[in-house]
Amino acid sequence: NAGVTQTPKFRVLKTGQSMTLLCAQDMNHEYMYWYRQDPGMGLRLIHYSVGEGTTAKGEVPDGYNVSRLKKQNFLLGLESAAPSQTSVYFCASSRPVSGNTIYFGEGSWLTVV
Amino acid sequence: AQSVSQHNHHVILSEAASLELGCNYSYGGTVNLFWYVQYPGQHLQLLLKYFSGDPLVKGIKGFEAEFIKSKFSFNLRKPSVQWSDTAEYFCAVNAGNNYGQNFVFGPGTRLSVLP
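Computed from a predicted structure; not experimentally measured. (Residues numbered from 1 in each chain as written. Chains lettered and ligands numbered in written order. Predicted model: local features only at pLDDT ≥ 70, side-chain atom pairs only at ≥ 80, totals over all residues. Heavy atoms only, no water.)

Some points on the environment of K71 of chain B
Residues and elements named next belong to chain B.
Here comes step 1: As for its placement among the helices and strands, K71 is situated in the loop between β8 (64–68) and β9 (73–78).
Here comes step 2: Relative accessible area serves as the criterion here: at 56%, K71 is assigned to the exposed category.
Here comes step 3: Here the alpha-carbon distance between K71 and Y25, two residues 46 residues apart in the chain, equals 9.0 Å. (Helix = DSSP H or I, 4+ residues; strand = E, 2+ residues; numbered from the N terminus. Buried < 20%, exposed > 50% of the residue type's maximum accessible area, 1.4 Å probe, protein only.)

Structure representation (structure tokens):
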């Protein structure tokens, strides 16, 4: 039972490069999320999706794009990476019911130099 | 918009000491409340959650939390900590009817347990 899987786990980018983080979940969850985690700031929501083909902005969406072409996948793209995007990125998923639990992937460590 | 605050940035305890981590949220309506734990180098895992019923909820590894609606608080407790409890702890709120959007996490409290 894989749960939420993220790839890649580690990546170093140069400023201005682009990349995509892939998230896959096998729990048939409707909702998926991308968070970034920075020291002392907890988790901040970048974008989220409430279903296949739909996405919405979270708290810190600038510099990121997302796509949800299939229910089980949620992609996070950085079009032109900046050092401020150095962070740990977590994908998560949940069901849209009261009392639902949000399940996290293992994280992707991204460094932009 | 709702927010979550956690009282302590870093807590240092000796083994067998009692633990209480504070969490307060700002939202006037119905809430679901969570505590997540993140062990070093790992992802967040659910410790416990409250969404209805008994305001005292018990989770894994001997943790419990009490929801006090009048104080907008959901403090985490453990009577006797172990070295293996060293981790970062996050309080989270899922509020209102828009469950997809409204998972808000606190800044986290780092717990260091000395052997």
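There's plenty left to go through after this.
What about the interface of chain B and chain A?
Here comes step 1: With 21 residues of chain B at the contact, the number on the chain A side is 23 residues.
Here comes step 2: Buried surface at the junction of chain B and chain A, both sides included, amounts to about 1800 Å², of which 59% is carbon and sulfur.
Here comes step 3: At the boundary of chain B with chain A, the tally comes to zero salt bridges.
Here comes step 4: Joining chain B to chain A, the criterion identifies four residue pairs in polar contact (both at pLDDT 80 or more).
Here comes step 5: Of all the elements in the fold, those that place two or more residues in the side of chain B that touches chain A are β5 (31–38), β6 (44–50), β10 (87–95) and β11 (103–105) of chain B.
Here comes step 6: Ranked by residues supplied to the side of chain B that touches chain A, first place goes to β5 of chain B with four residues.
Here comes step 7: Looking at side-chain class alone, the side of chain B that touches chain A contains ten nonpolar, ten polar and one charged residues. (Contact = heavy atoms within 4.5 Å. Buried area = accessible area lost by both parts, 1.4 Å probe. Salt bridge = Lys/Arg side-chain N within 4 Å of Asp/Glu carboxyl O. Polar contact = N/O pair within 3.5 Å; in protein donor to acceptor, adjacent residues only side chain to side chain. Nonpolar A, V, L, I, M, F, W, Y, C, P; charged D, E, K, R; others polar.)

Considerations on the pairing of β9 of chain B
All names here are of chain B.
Here comes step 1: With five of six residues buried, β9 lies mostly within the body of the structure.
Here comes step 2: Relative to β9, strand β3 (residues 19–21) runs antiparallel, the two being bridged by three bridges. Paired with L19 across the strands is K78, a residue of β9.
Here comes step 3: Two elements, β8 and β9, share five bridges in a ladder whose sense is antiparallel. What sits directly across from I68, in β9, is S73.
Here comes step 4: Turn length for the β8-β9 hairpin, with the two strands adjacent in sequence and antiparallel, is four residues, and the turn residue F72 shows positive phi of about 50°. (Pairing = 2+ DSSP bridges.)

Thoughts on the nonpolar core
Here comes step 1: L33, W35, L47, L48, F74, L76 and Y89 of chain B are the most contacted members of the largest nonpolar core, which has 29 residues in total.
Here comes step 2: Counting residues in hydrophobic clusters, the runner-up holds 19 residues, among them I46, V60, F74 and L110 of chain A. (Core = buried A, V, L, I, M, F, W, Y, C linked by side-chain atoms within 4.5 Å.)

Remarks on the environment of L46 of chain B
Here comes step 1: Structurally, the position occupied by L46 of chain B is in strand β6.
Here comes step 2: Residue L46 of chain B is classed as partly exposed on the basis of its relative accessible area of 27%.
Here comes step 3: Note: C-alpha distance between L46 of chain B and W35 of chain B (eleven residues apart in sequence) is 6.3 Å.
Here comes step 4: Apart from the residues within four sequence positions on either side, L46 of chain B is in contact with T101 of chain A together with F34, W35, Y36 and I60 of chain B.

A look at the pattern of salt bridges
All names here are of chain B.
Here comes step 1: Counted according to the given criterion, the structure contains seven salt bridges over all chains.
Here comes step 2: A salt bridge links E64 to R77; the shortest N-O distance between them is 3.4 Å. Highlighted residues: E64 in strand β8 and R77 in strand β9, separated in sequence by 13 residues.
Here comes step 3: Through salt bridges with shared partners, a single ionic network connects K58, E64, E66 and R77.

Points about the state of the cysteines
Residue and element names in this part refer to chain A.
Here comes step 1: A complete count under the given rule lists two disulfides over all chains for this structure.
Here comes step 2: The side chain of C23 participates in a disulfide bridge whose partner is C91; the two sulfur atoms lie 1.9 Å from each other. Taking the sign of the S-S torsion, -80° for the link of C23 and C91, the bridge is left-handed. With a gap of 68 residues between them, C23 in strand β3 (residues 19–25) and C91 in strand β9 (residues 87–94) connect regions that are remote in the sequence.
Here comes step 3: With relative accessibility at 0%, the residue C91 sits in the buried group. (Disulfide = S-S within 2.5 Å.)

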